[in-house]
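The residues making up each chain are set out below.
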Amino acid sequence: MSAHSTYDMLRHLADSWGLLAMLLVFLALALWPFRPGAGRRNHDAANLIFKDDHDGE
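The structure presented is a predicted model; accordingly, all values stated were derived computationally and were not measured.

S.K.: Help me understand the confidence of the model for the chain in this model?
M.R.: Close inspection of predicted coordinates is inappropriate in any region flagged by low pLDDT. Averaged over all residues, the pLDDT of the chain is 85; the fraction at 70 or higher stands at 86%. Here helix α3 (residues 51-54) stands out as the element of the chain with the lowest mean pLDDT, 72, in contrast to helix α2 (residues 39-46), whose mean of 91 is the highest.

S.K.: So what exactly am I meant to see when it comes to the pattern of salt bridges here?
M.R.: Applying the stated criterion across every chain, the model contains two salt bridges. For the salt bridge of Arg11 with Asp15, the shortest nitrogen-to-oxygen distance reads 3.2 Å. Of the two residues, Arg11 and Asp15 both sit in helix α1 (residues 3-31), four residues apart, roughly one turn of that helix. Overall, the relative accessible area of 45% leaves Arg11 in the partly exposed class. Here Arg40 makes a salt bridge to Asp44, at a shortest N to O gap of 3.7 Å. Pair noted here: Arg40 and Asp44 are both in helix α2, with a separation of four residues, about one helical turn.

Rules used throughout
Residues numbered from 1 in each chain as written. Predicted model: local features only at pLDDT ≥ 70, side-chain atom pairs only at ≥ 80, totals over all residues. Heavy atoms only, no water. pLDDT = per-residue confidence, 0-100. Helix = DSSP H or I, 4+ residues; strand = E, 2+ residues; numbered from the N terminus. Salt bridge = Lys/Arg side-chain N within 4 Å of Asp/Glu carboxyl O. Buried < 20%, exposed > 50% of the residue type's maximum accessible area, 1.4 Å probe, protein only.

Quick look at the structure:
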């Protein structure tokens, strides 16, 4: 297998299945915070920066 045919094979993979895989990963990561039951964890993560402001008061 020459370097040119390897390049062509990888280019075809990136143009078809690689693009589909990246799209699926993007959609999964973009929709992950909106899954059922994630509201409490999202709220805790959003308010984590204020944790020390209320300690000891």
